[in-house]
Amino acid sequence: MNTTFAEDIKQGLTAKNKHLSSKYFYDDNGSRIFQEIMQMPEYYLTDSEFEILSLQSQQIVDALDFNEPFNIIELGAGDGFKTFKLLEYLVNANIEFNYVPIDISQEAITILSEKLKERLPKLSIQAKVGDYFEILNAESKNDIPSLLLFLGSNIGNYSEEKAVNLLQLFNKNMNINDKLLIGIDLKKNPITIHNAYYDKAGVTKRFNLNLLIRINREFDADFKIDDFDFYCHYNPLNGDVKSYIVSLKSQTVQFKKLDFSVEFQQNELIWTELSKKYSLDDIEALSGQANFRIKKQFLDCKHYFTDSLWEKLA
């Protein structure tokens, strides 16, 4: 039994304002549903970042200003779908570098490595499985300059305070003049953002409710899925998209493996995810708080998204 997950369930569902961490969305079925989300026409984020990395790889590499072989260290590499375009450009341009994908999942790293070796046989891969910061700390001990990749708008899943703390940890484990390329979703027409997270086909609803199905399976709980719904809200003033699971009636859920139960009131919420959007001024402030300087913003043609290149300050 996953004891951390169990503790987070107990703590989150007995809190005054119930919450569950979005990191638990990604069991096998959750990962498959998220692939569906990324293919939805409303979900602009994937296409926007793919466009940037497909059309601006040369400009990104030029802006790195590395005059020697370097490492590309990707944090949470996943399936490597978007990163492939950048790697392909570098290999075809005969630029000397090592790709160091890091993920906590051995399976994900194995699949990614095999796929890349097949598609880019000349690519130098030094895949790592484990904790970001332990591996980053070890990598920073050598003299090879590094580009860290933190793509896919992952920073948006952190509150502002936690985002600054995370970025300061990145900074602490980097060398002077190392670079960070960070994917950040931008504030835009609120309707565009609302539609991306509150799709008519209900895929995002299935993604959220799958978390309850996972808890039923792993902890012998008895969530009745039809008695819960999904709600999502975007606040264009602070950039927060918040997702919730809604209890449709007063009910009690038993967690047999955890030997406890939880009462839900009708219309009570479980907060599941934050997806924060930033303005360019917000990004400037965020980078400064974490002791970085912005070198360049790489935006898609609609200015929906940026891959923002930051340089570590002394």
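Predicted model, so just to flag it, every value in this text is computed and none were measured. (Residues numbered from 1 in each chain as written. Predicted model: local features only at pLDDT ≥ 70, side-chain atom pairs only at ≥ 80, totals over all residues. Heavy atoms only, no water.)

**A word on the overall build of the protein chain**
The helix and strand inventory of the protein chain stands at eleven helices and twelve strands. The C-alpha radius of gyration of the protein chain comes to 20 Å, within 12% of the 20 Å expected for a compact globule of 314 residues. Projected onto its principal axes, the C-alpha coordinates of the protein chain cover approximately 65 × 40 × 35 Å. The 314 residues of the protein chain split such that 50% are buried. Restricting the contact set of the protein chain to residue pairs at least 6 apart, pairs at least 24 apart contribute 72%. Accessible surface computed for the protein chain: about 15,200 Å², of which carbon and sulfur atoms make up 48%. (Helix = DSSP H or I, 4+ residues; strand = E, 2+ residues; numbered from the N terminus. Rg over C-alpha atoms; globule rule 2.2 N^0.38 Å. Buried < 20%, exposed > 50% of the residue type's maximum accessible area, 1.4 Å probe, protein only. Contact = heavy atoms within 4.5 Å. Areas by Shrake-Rupley, 256 points an atom, 1.4 Å probe, with all protein chains shown as cover.)

**Here we look at the nonpolar core**
Counting residues in each nonpolar core, the largest one holds 69 residues, and the members touching the most others are I9, I72, Y99, I215, F223 and F255. A total of seven residues in this core trace back to one element, the largest contributor, which is helix α10 (residues 203-219). Once residues lying within four places of it in the same chain are set aside, the contact partners of I9 are L20, I215, F219, F255, L258 and F260. Grouped together as the second largest cluster of nonpolar side chains are 27 residues, I102, I135, A163 and I184 included. (Core = buried A, V, L, I, M, F, W, Y, C linked by side-chain atoms within 4.5 Å.)

**Looking at the pairing of strand β7 (residues 240-247)**
Of all eight residues in β7, seven are buried, a share of seventy percent or more. Summarising the sheet, strand β6 (residues 228-235) and β7 pair through eight bridges and their orientation is antiparallel. By the bridge assignment for β7, F230 is matched with I245. Two successive antiparallel strands, β6 and β7, enclose a turn made up of four residues, where G239 displays a positive phi of approximately 85°. Here β7 runs beside strand β10 (residues 269-276); their pairing, made up of seven bridges, is antiparallel. Along β10, the bridge assignment pairs D240 with K276. (Pairing = 2+ DSSP bridges.)

**Remarks on the pattern of salt bridges**
All told, the structure shown has 15 salt bridges when counted by the stated rule. Residues K179 and E311 are paired through a salt bridge, measuring 3.4 Å at the closest nitrogen-oxygen approach. One end of the pair, K179, is in strand β5 (residues 179-185); the other, E311, is in strand β12 (residues 305-312), and 132 residues separate them in sequence. Both residues of the pair, K179 and E311, belong to the buried class. Put simply, D229 and K205 hold a salt bridge, and the shortest N to O gap is 3.3 Å. (Salt bridge = Lys/Arg side-chain N within 4 Å of Asp/Glu carboxyl O.)

**Points about the sheet that holds β7**
As summarised here, the arrangement of the three strands in space is β6-β7-β10, forming an open sheet in which the pairing is antiparallel. A single partner strand is all that each edge strand has here, and the edge strands are β6 and β10. Each adjacent strand pair in this sheet contributes to an overall mean axis angle of 20°, direction not counted. Together, β6, β7 and β10 form the strand contacts of helix α9 (residues 190-197), whose direction differs from that of β6 by roughly 155°. (Axes fitted to C-alpha atoms, helices over the stretch in contact; angles between N-to-C directions.)

**Some thoughts on the packing of aromatic side chains**
Following the criterion strictly, the structure yields 22 aromatic pairs and no others. Measuring from centroid to centroid gives 6.1 Å for Y198 and Y231, while their planes differ by 85°, and the two rings are edge-to-face. With a gap of 33 residues between them, Y198 in the loop between α9 and α10 and Y231 in strand β6 connect regions that are remote in the sequence. Classification of Y198 by relative accessible area gives partly exposed; the value is 31%. Summarising the aromatic geometry, the rings of Y231 and Y244 are spaced 6.3 Å apart at their centres and angled 25° between planes, so their arrangement reads as stacked. Of the two residues, Y231 is situated in strand β6 and Y244 in strand β7; the sequence distance between them amounts to 13 residues. Judged by its relative accessible area of 36%, Y231 is partly exposed. Chaining the aromatic ring pairs together yields one cluster made of F25, Y26, F34, Y43, Y197 and F207. Over the ring of F84 we find R119; its NZ or CZ atom is 3.7 Å from the centre of that ring. Its end group placed over the ring of W271, K242 keeps NZ or CZ at 4.5 Å from the ring centre. (Phe/Tyr/Trp six-rings, centres within 6.5 Å; stacked < 30°, edge-to-face > 60°. Lys NZ or Arg CZ within 6 Å of the ring centre and 35° of its normal.)

**Digging into helix α11 (residues 280-289)**
Among all positions of α11, only I283, L286 and S287 are buried. Projection of α11 onto a plane perpendicular to its axis shows the buried side chains occupying an angular sector of 95°, all on one side. Close packing links the buried residues of α11 with α8 (160-172), β5, β11 (292-299) and β12. Count one or two residues on from α11 and you reach N291, which has phi positive near 70°. (Arc of directions from axis to C-beta.)

**Focus: the environment of L248**
Relative to the helices and strands, L248 resides in the loop between β7 and β8 (251-255). Considering only alpha carbons, one finds L248 and G152, 96 residues apart in sequence, at a separation of 33 Å.

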